[in-house]
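Architecture at a glance
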Amino acid sequence: MSAATVPLRRPSPVPGPLRTALVTGGWTWGVVALAIALGLALSLLGNKGKAFVVSSMLAVALTMFWAFLAGGRLVAMAIAGWQLRLPNAVRHALATGMVMLALAVALPAAVLALALDGSFAMAAAILSIGAAIGLFWASMPPWTMLAMIGLSTFIGAIPKSAFTAIAGIVQGPGPLAMVAAAILLLCVPCWLLIPRRIGEGSAWTVPVAVQLGRGNPFASTASQNTGVLTPETPIGTGLAQAPDEVMGIALGPGFGRNSLRNVVVSQAPVVGVILLWLFADGTLTTTKVHMGLVWGPALVISSGMAPLARLLTVFWQPRQGLHELALLPGMPARPVPVLARQLALQVLVRAVPALAMVLAFAVSRGTPVEHCVLLASASLGSLSLLWGWTLVALHTQAGRWSILALSILLALASMALMTAGDIAGPMPRVTAAYAVALVAGVALQFIGIRRMRALPHPWLGN
């Protein structure tokens, strides 16, 4: 075929920044859609004034999460383009960022203002603060979390009268927009320092935005496994008498010995989120329940699901050595009971401390007892149901997709019900439903373990 007969590719009618924004955000645009959907759902409950405040605060939390992921990926992409000396890389990244802000801030703000008879300028300013905080959280070096601890302690010592005076100053859309701009300015020094540390430093000094752009999160190097917040590998000389530890080493991150260091490392994300709640305490405390607690059940579920997520990843990507693990020396002769014990121990050692910290935060903020009960029941019921369904559906491709769908559904349901509980008050039927989910999850666990016993090996029948 000659060069003259090669058909020319027509340029896409979609502008480049918009295409880049959609690809960079990826699945995180579902978080923006969720913020819009929750605002429309709350408009059906009546009392649009309070619903506008609650939906705006909930949208702030979701926008913060979106900016942490999508904004971090955009920063990593811009830095990579700058290092490769691509033409107009920084200019294209800035244009893409403006498009992403229009889709994630202006569009939800317009929907909330129209559906709940609120102010578009106020909603846009509030969501801008959430986007700026999430982007700053992704851009800052992780060592600054230590400074956040001291800052949160200092903020907690400030009298409430000072917060009242500050709230009166930054009450309008204009001052709130200036706050968002100030937070964005704090990101600039972080961005300027990132190129100097690419390929260098440790987990303490490399910003999360760069780590998000490095590809496979399970592909770690030796230089990245020397940080303080890195789990230790439970390799010793007595593994012949400890088949449980052998299976833990074989399955990789999320399993193995529960040393004090590993337990502390597993709770570091939970501590970071609670510190973020403390940092934004004045913004999130606008109703009788702290708006950060809407994320409480999802935070506990994600912490407890870490070992199950690792097992799901290994099943989904058998090239990581799934089948070869069955041939390792020292593996237990009856692997199913050992695997069940490993899962139970690792799930509980992560979920119970996370739930205790979230409940302690709720009590410290004067959360009503019925809301604390709803938080605990939603966390334990959802985790138990997801745990049981993971063991049942692990061995098929469709089953693994159903696990992801169920996890998203339970997380969204818990957030919606926590928000509804703040508006409607106690909901004993919902608490009873989560108790039923807890029992159903335990029953599914026994069913899944029984099905595994019928296989030659827990993971050789997939």
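Residues numbered from 1 in each chain as written. Predicted model: local features only at pLDDT ≥ 70, side-chain atom pairs only at ≥ 80, totals over all residues. Heavy atoms only, no water.

1. Looking at the overall build of the chain
The condition that has to hold: Each helix is a run of DSSP H or I of at least 4 residues and each strand a run of E of at least 2, with the numbering of both proceeding from the N terminus. When a residue's accessible area, from a 1.4 Å probe over protein chains only, is under 20% of the maximum for its type it is buried; when over 50% it is exposed; and in between it is partly exposed. Only heavy atoms enter the contact rule, under which two residues are in contact if any of them lie within 4.5 Å. Per-residue accessibility takes into account occlusion by the displayed protein chains alone, with areas from the Shrake-Rupley method and a 1.4 Å probe.
Scanning the chain from N- to C-terminus turns up 19 helices and zero strands. Evaluated residue by residue, the chain yields a buried proportion of 46% over its 462 residues. Sequence separation of 24 or more characterises 81% of the internal contacts of the chain that already satisfy a separation of 6 or more. Counting every atom, the chain has about 22900 Å² of accessible surface; 71% of that belongs to carbon and sulfur.

2. Structural notes on helix H2 (residues 29-42)
Convention followed: Expected helix span is given by 1.5 Å per residue-to-residue step, counting one fewer step than there are residues.
For H2, which comprises 14 residues, the first-to-last C-alpha distance of 20 Å matches the rise-based estimate of 20 Å (1.5 Å per residue) to within 8%. Inspection of H2 places Trp-29, Val-31, Val-32, Leu-34, Ala-35, Ile-36, Leu-38, Gly-39 and Leu-42 among the buried residues, and these make up the whole buried set.

3. Points about the packing of helix H17 (residues 369-393) against helix H19 (residues 428-453)
Heads up, the rule is: Throughout, an axis means a line fitted to C-alpha atoms (over the contacting stretch in the case of helices), and angles, computed between N-to-C directions, take values from 0 to 180 degrees. Roughly parallel means an angle under 35 degrees; roughly antiparallel means over 145; roughly perpendicular covers 65 to 115; every other angle is labelled oblique. Helix crossings fall into two classes, left-handed where the near helix is turned counterclockwise from the far one by less than a right angle and right-handed where it is turned clockwise. For this classification, Asp, Glu, Lys and Arg are treated as charged, while Ala, Val, Leu, Ile, Met, Phe, Trp, Tyr, Cys and Pro are nonpolar and the rest, including Gly, are polar.
Taken N-terminus to C-terminus, the directions of H17 and H19 make an angle of 20°; their axes are 7 Å apart at the nearest point. One way to sum up the angle between H17 and H19 is to call them roughly parallel. Classified by chirality, the crossing of H19 by H17 is left-handed. For the contact of H17 with H19, the per-class residue count stands at 19 nonpolar, nine polar and one charged.

4. A few points about the packing of helix H3 (residues 48-83) against helix H4 (residues 89-116)
As a packed pair, H3 and H4 sit with axes 10 Å apart at the nearest point and diverge in direction by 170°. Our classification of the angle between H3 and H4 gives roughly antiparallel. Tallied by class, the residues present in the contact of H3 with H4 amount to 17 nonpolar, six polar and one charged.

5. Describing the packing of aromatic side chains
Spelled out, the test is: Two rings from Phe, Tyr or Trp (for Trp, the six-membered ring) form a pair when their centres are within 6.5 Å of each other. A pair whose planes differ by under 30 degrees is stacked, one over 60 is edge-to-face, and the rest are tilted.
All chains considered together, the criterion is met by one aromatic pair. Taken together, a centroid distance of 5.4 Å and an interplanar angle of 45° make the contact between Trp-29 and Trp-66 tilted. Within this pair, whereas Trp-29 is found in helix H2, its partner Trp-66 is found in helix H3, the two being separated by 37 residues in sequence. Residue class for Trp-66 comes out buried when judged on its relative accessible area of 3%.

6. So, a nonpolar patch on the surface
In plain terms, the rule: Without a salt bridge and with relative accessible area above 30%, a residue can belong to a patch; like charges are then joined within 9 Å and nonpolar side chains (Val, Leu, Ile, Met, Phe, Trp, Tyr) within 5 Å. A pairing counts as a salt bridge when a side-chain nitrogen of Lys or Arg comes within 4 Å of a carboxyl oxygen of Asp or Glu.
A contiguous nonpolar surface patch, about 460 Å² in accessible area, is contributed by Leu-380, Leu-438, Val-439, Val-442 and Phe-446. The biggest single contributor to the nonpolar patch is H19, with four residues. Structurally, Val-439 is set in helix H19.

7. Some points on the state of the cysteines
Put simply, the test is: Note that a disulfide, as used here, is simply two cysteine sulfur atoms within 2.5 Å.
Per the stated rule, a full pass over the model turns up zero disulfides. You can see Cys-187 has no disulfide; the closest cysteine sulfur is in Cys-190, sitting 6.3 Å from it.

8. Looking at the nonpolar core
Keep this limit in mind: Grouping buried Ala, Val, Leu, Ile, Met, Phe, Trp, Tyr and Cys residues that are joined through side-chain atoms within 4.5 Å yields what is termed a nonpolar core.
Counting 100 residues, the largest nonpolar core has Leu-62 and Trp-66 as the members making the most contacts within it. It is H3 that contributes the most residues to this core, 19 residues altogether. Excluding residues within four positions of it along the chain, Leu-62 makes contact with Val-31, Leu-34, Ala-35, Leu-38, Trp-295 and Met-415.

9. Re the side chain of Thr-367
For the record, the criterion: Two N or O atoms count as a polar contact when they lie within 3.5 Å, although within protein this holds only if one can serve as hydrogen donor and the other as acceptor, and sequence-adjacent residues are included solely when both atoms are side-chain atoms.
Looking at the element boundaries, Thr-367 is found in the loop between helix H16 (335-364) and H17. Given a relative accessible area of 10%, Thr-367 falls into the buried group. Here Ala-362 takes part through its backbone oxygen, which lies 2.7 Å from a polar atom of the side chain of Thr-367.

10. Remarks on helix H15 (residues 306-316)
With eight of 11 residues buried, H15 lies mostly within the body of the structure. What H15 keeps buried is the set Pro-307, Leu-308, Arg-310, Leu-311, Leu-312, Thr-313, Val-314 and Phe-315.

11. Some thoughts on the environment of Arg-19
With respect to the helices and strands, Arg-19 occurs in helix H1 (residues 16-25). Placed 80 residues apart in sequence, Arg-19 and Val-99 show a C-alpha to C-alpha distance of 9.7 Å.

12. Thoughts on the confidence of the model for the chain
For clarity, the threshold we go by: What pLDDT reports is the predictor's confidence in each residue, on a scale of 0 through 100.
When pLDDT is averaged along the chain, the result is 75; 67% of the residues meet or exceed 70. Summarising per-element confidence for the chain, the mean pLDDT is lowest in helix H13 (residues 281-284) (54) and highest in H17 (89). Counting contacts from residues 215-228, a segment whose pLDDT is below 50, to residues more than four positions away or on other chains yields 11 contacts.

13. Re the environment of Arg-400
Mapped onto the fold, Arg-400 is located in helix H18 (residues 397-424). Of the residues examined, Arg-400 reaches a relative accessible area of 6% and is grouped as buried. On a C-alpha basis, the gap between Arg-400 and Leu-312 in space is 7.3 Å, while along the polypeptide they are 88 residues apart.

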